[in-house]
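# Close look at the chain arrangement
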2 protein chains.
Amino acid sequence: MRPLILVTNDDGIDARGVHCLIDRLLPFGDIVCVCPDAPRSGQSMAITVNDPLKLTELPDYNGAKMYKVSGTPVDCVKLSMHHILPRKADLVVSGINHGSNSAINVLYSGTMGAAMEGCAFGIPSIGFSLTDHSADADFTPCYAVIDKLVKAVLEHGLPQDVCLNVNVPDKKGIPTEMRLCKPCIGRWNDEYQEYVDPHGHKFYWLTGTFENLEPDNEETDEWCLDHGIISVVPINIERSAPITPGLEWLPSIMGKV
Amino acid sequence: MRPLILVTNDDGIDARGVHCLIDRLLPFGDIVCVCPDAPRSGQSMAITVNDPLKLTELPDYNGAKMYKVSGTPVDCVKLSMHHILPRKADLVVSGINHGSNSAINVLYSGTMGAAMEGCAFGIPSIGFSLTDHSADADFTPCYAVIDKLVKAVLEHGLPQDVCLNVNVPDKKGIPTEMRLCKPCIGRWNDEYQEYVDPHGHKFYWLTGTFENLEPDNEETDEWCLDHGIISVVPINIERSAPITPGLEWLPSIMGKV
């Protein structure tokens, strides 16, 4: 039986990135694509708790079954598992995102939220992102790494609780190298633009610039992307922290409250 | 100078839990409370990218400055850091959530999303949740652990990238013990209820029951909560996974794509 591949994204069902991804995945298995009905960037692992979800079947795209959901990327994965897929998927692939999900951005990313949800269902899951935000981005730089990683993950699987965050640089031509990286340490500065509404009340819009706090660290995803190299970061969804230096005091206060 | 404490939640500015939390924190420092203007459960670390945010100052509550934001819990923390707080906070406390955020639920939780965002800003951060979903829940079982942990975290701090997920059982009376735990391994079953709209189209609403896959493991948060014990789980926001068994193949395919 051919592998069953669930494809999703956070840019919505009309995004160019997801269609490029489907085209590239067709040789590897049967594709079911379930995406948000509109762009849902920055949704992290958000779920829709207090509203119903509409599910709409669309015409096939190059042999792939297509659906849209009035919810978040994680809603799409959950609804797929419970009501859309004919059997448990062999692979979840999210993307190709229009824009980078490197460094701390993995925390906010809907693309990676969907991959992490696939992982939570015990299915090998990968998120692909291209560092070009534009709607008509050229996704050619992603093709070779998709081929190589999808083939390898279908063959080897991934450990329980681990999925892959893959970022592809759009500058410096077609990348010829990929590296295993750490997420770079960095932060967002000046995150809000301030406005005044017609009634004199202030309102705010998220913006800002990312500051790389270790720009010379060649082991980080940001360094690789800046140098035309694809970054591959394994992400653990089991997030409990060990007792490391600075936390030794915590066990000592456990017990009676 | 008294510590500056940012208080937030995901149940919204009108929730009883956040008012109980403020009352309990008043002896520890100056409080600024910034919450979503409506319930935002299940928002994880979602951010509002494509819409503006309204910020409204409200009357003080027992000496605490009060604000509401038309966004997610993470939006509240970000906007606080950039436009509301007079200086960098010494502590971020999120909650008290109406309902458990144990086990895998930490991934979807807006309460913990806010705590993780505080942590991303390099500020010691704690999320508190009570395992009672009701709007008029009695938060008395949380008081002793809030006192003990807030005092200790203000004194010792927390390591970079680590925040605390604290869940308090509402059954079996006032808990007298807290334990350092692992998140229990489990999954959600039957996650959607199916309906048919007046036009004959199906729609879906999230529901389901949590299945604990290691019910006898006394080291887990779920076991503790089931036995009337408060669970404390350190959460790491730096999520890159090491190369463990099952992932050894990955480094070997790096290099040329």
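Residues numbered from 1 in each chain as written. Chains lettered and ligands numbered in written order. Predicted model: local features only at pLDDT ≥ 70, side-chain atom pairs only at ≥ 80, totals over all residues. Heavy atoms only, no water.

## Side note on the sheet that holds strand S6 (residues 125–130) of chain A
Taken in spatial order, the 12 strands of this open sheet run S10(B)-S11(B)-S3(A)-S4(A)-S2(A)-S1(A)-S5(A)-S6(A)-S7(A)-S13(A)-S8(A)-S14(B), and their pairing is mixed. Because the sheet does not close on itself, it has two edges, and the strands there are strand S10 (192–196) and strand S14 (255–256) of chain B. Across 6 bridges, strand S7 (residues 162–168) of chain A lies against strand S13 (residues 230–236) of chain A in antiparallel orientation. The partner of Leu-164 of chain A across the bridge, within S13 of chain A, is Pro-234 of chain A. Each of strand S1 (4–8), strand S2 (30–36), strand S3 (53–61), strand S4 (64–69), strand S5 (91–98) and S6 of chain A is contacted by helix H1 (residues 16–25) of chain A, which is oriented at about 140° to S5 of chain A, the strand it contacts most. Sitting on the sheet, helix H4 (residues 143–156) of chain A touches S5, S6, S7, strand S8 (177–180) and S13 of chain A together with S14 of chain B, and the angle it makes with S6 of chain A is about 170°. (Pairing = 2+ DSSP bridges. Helix = DSSP H or I, 4+ residues; strand = E, 2+ residues; numbered from the N terminus. Contact = heavy atoms within 4.5 Å. Axes fitted to C-alpha atoms, helices over the stretch in contact; angles between N-to-C directions.)

## A look at the environment of Asp-221 of chain B
All names here are of chain B. Along the chain, Asp-221 falls in helix H5 (residues 221–226). Taking the relative accessible area as the measure of exposure, Asp-221 reaches 1% and is therefore buried. Apart from the residues within four sequence positions on either side, Asp-221 is in contact with Ser-102, Ala-103, Cys-181, Lys-182, Pro-183, Cys-184, Ser-231 and Val-233. (Buried < 20%, exposed > 50% of the residue type's maximum accessible area, 1.4 Å probe, protein only.)

## Some words on the relation of the copies chain A and chain B
Relative to chain B, chain A is turned by 180° and slid 0.0 Å along the rotation axis, the superposed coordinates differing by an RMSD of 0.0 Å. This pairing of chains is accounted for by a two-fold axis. Mapped onto chain B, 99% of the interface residues of chain A again fall at the interface, so both copies present the same surface. (Least-squares fit on C-alpha atoms with pLDDT ≥ 70 in both.)

## Examining the interface of chain A and chain B
Contact residues are listed per partner, giving 81 residues for chain A and 80 residues for chain B. Summing both partners gives a buried area of about 7,000 Å² for chain A against chain B, and 66% of it is carried by carbon and sulfur. The largest contributions to the chain A side of the interface with chain B come from Tyr-192, Arg-239 and Val-257 of chain A, which together make up 12% of the buried area. The interface formed by chain A and chain B contains 2 salt bridges. A salt bridge links Glu-191 of chain B to Lys-78 of chain A, with the shortest nitrogen-to-oxygen separation between them at 2.8 Å. At the boundary of chain A with chain B, the tally comes to 33 residue pairs in polar contact (both at pLDDT 80 or more). With 7 residues, H4 of chain A is the single largest residue contributor to the side of chain A that touches chain B. A breakdown of the residues in the side of chain A that touches chain B according to their chemical character gives 50 nonpolar, 16 polar and 15 charged. Sheet analysis places strand S11 (residues 202–206) of chain A next to strand S3 (residues 53–61) of chain B, joined by 2 bridges and oriented antiparallel. Counted as the bridge partner of Phe-203 of chain A is Lys-54 of chain B from S3 of chain B. (Buried area = accessible area lost by both parts, 1.4 Å probe. Salt bridge = Lys/Arg side-chain N within 4 Å of Asp/Glu carboxyl O. Polar contact = N/O pair within 3.5 Å; in protein donor to acceptor, adjacent residues only side chain to side chain. Nonpolar A, V, L, I, M, F, W, Y, C, P; charged D, E, K, R; others polar.)

## Examining the sheet that holds strand S1 (residues 4–8) of chain B
Spatial strand order, S10(A)-S11(A)-S3(B)-S4(B)-S2(B)-S1(B)-S5(B)-S6(B)-S7(B)-S13(B)-S8(B)-S14(A): 12 strands in an open sheet with mixed pairing. What marks the edges here is a single partner per strand, and that holds for strand S10 (192–196) and strand S14 (255–256) of chain A. As defined by bridge partners, strand S2 (residues 30–36) of chain B adjoins strand S4 (residues 64–69) of chain B across 5 bridges and the pair is classed as parallel. Of the residues in S4 of chain B, the one forming a bridge with Val-32 of chain B is Lys-65 of chain B. Packing against the sheet, helix H2 (residues 73–84) of chain B makes contact with S10 and S11 of chain A together with S1, S2, S3, S4 and strand S5 (91–98) of chain B, and its axis sits at approximately 135° to S2 of chain B.

## Concerning the packing of helix H1 (residues 16–25) of chain B against helix H4 (residues 143–156) of chain B
Residue and element names in this part refer to chain B. Closest axis-to-axis distance for the H1/H4 pair is 10 Å, and the angle between their directions is 50°. Taken as axis vectors, H1 and H4 run oblique relative to one another. Our pair here, H1 against H4, has a crossing hand that is right-handed. In this structure, H1 contributes Cys-20, Leu-21, Arg-24 and Leu-25 to the contact, and H4 contributes Tyr-143, Ile-146, Asp-147 and Val-150. Of the residues assigned to the contact of H1 with H4, the class counts are 6 nonpolar, no polar and 2 charged. (Parallel < 35°, antiparallel > 145°, perpendicular 65-115°, else oblique. Left-handed = near helix turned anticlockwise from the far one by under 90°.)

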